[in-house]
Amino acid sequence: MEGLNLINFQPHKVVLIILLFTSSFNLILALEKTNVEFIRTSCGLTTYPTLCFNSLSTQARVIQTSPKLLAQTALSVTLDTTRTTSSSMVKMSQVHGMAPREVAAMKDCIELLNDSVYNLKQSLEEMSRPGSKDSGLVMSDIQTWVSSALTDEDTCSEGFKDDPKMKSVVRGKIVNVAHLTSNALALINSYASLRG
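About the cut-offs
- Residues numbered from 1 in each chain as written.
- Predicted model: local features only at pLDDT ≥ 70, side-chain atom pairs only at ≥ 80, totals over all residues.
- Heavy atoms only, no water.
- Axes fitted to C-alpha atoms, helices over the stretch in contact; angles between N-to-C directions.
- Helix = DSSP H or I, 4+ residues; strand = E, 2+ residues; numbered from the N terminus.
- Parallel < 35°, antiparallel > 145°, perpendicular 65-115°, else oblique.
- Left-handed = near helix turned anticlockwise from the far one by under 90°.
- Nonpolar A, V, L, I, M, F, W, Y, C, P; charged D, E, K, R; others polar.
- Disulfide = S-S within 2.5 Å.
- Buried < 20%, exposed > 50% of the residue type's maximum accessible area, 1.4 Å probe, protein only.
- Salt bridge = Lys/Arg side-chain N within 4 Å of Asp/Glu carboxyl O.

A.B. asks: So what's going on with the packing of helix 5 (residues 67-93) against helix 6 (residues 100-128)? Which residues, and what values?
C.D. replies: Put simply, helix 5 and helix 6 touch, their axes get as near as 9 Å, and they point 160 degrees apart. The orientation of helix 5 relative to helix 6 falls into the category roughly antiparallel. At the point where helix 5 passes helix 6, the crossing takes the left-handed sense. Per-class residue counts for the contact of helix 5 with helix 6 are 14 nonpolar, eleven polar and three charged.

A.B. asks: Provide a residue-level description of the state of the cysteines, including the pertinent values.
C.D. replies: Under the criterion given, the structure shown has two disulfides. The disulfide bridge from C43 ends at C52, spanning 2.0 Å between sulfur atoms. Around the S-S axis, the bridge from C43 to C52 shows a dihedral of about -65 degrees and counts as left-handed. Accessibility assignment for this pair places C43 and C52 in one class, buried. Paired through a disulfide, C109 and C156 show a sulfur-sulfur distance of 1.5 Å.

A.B. asks: For the pattern of salt bridges, give the residues involved together with the corresponding values.
C.D. replies: In the structure shown here, the tally under the stated rule is two salt bridges. Residue R40 is joined to E37 by a salt bridge in which the shortest nitrogen-to-oxygen separation is 3.4 Å. Here R40 and its partner E37 are both found in helix 2 (residues 11-43), three residues apart, which amounts to about one turn of the helix. Judged by its relative accessible area of 41%, R40 is partly exposed. Judged by relative accessible area, E37 falls into the partly exposed class, the value being 35%. Salt-bridge contacts for K121 lead to E125; the nearest nitrogen and oxygen are separated by 3.3 Å. Here the residue K121 and the residue E125 both occupy positions in helix 6, the gap between them amounting to four residues, near one helical turn. A relative accessible area of 34% places K121 in the partly exposed class. A relative accessible area of 34% means that E125 is categorised as partly exposed.

Note that every value here comes from positions in space, so none of it alone points to a role or purpose.
Here it is, written out as structure tokens:
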């Protein structure tokens, strides 16, 4: 009986706590929705908006509504995918039974993908640095590196134009990387234009 007297039940405090929790939860949901809509709208400016949204929307909480974080995240996703694709191409090149011409084209493709990885890595590192005095030049360098990565990826699949079967296999692996790179470049260009 004495224990019941110690409990000081105050319904108004419980209601207040529930209201605060609900309000906080609704605010978080509203911010999440705003972040996701920002990504959807920004991806609408890219050549492959569905791929853009699908590859970036899971990072909405990190990106928030920052064009810079959006471009950085797009670069990061592209770099990771390009590395994975490059590793996959190395494994594919070790399959026996390929004609010498196919082996040579595969080696060229792997070299191009490695160059693409290097350019994307340079871009991401530069974009992650705190502001520099000549930010226009830095953005120009980033745009050049990402454009170069895209060219490398396109050139890779062209090496198989005389071999429809291999071109189809390689293109299947490269096309996603090229589309992600194209989207990243569009988001970088958009961010650069905001900076003037």
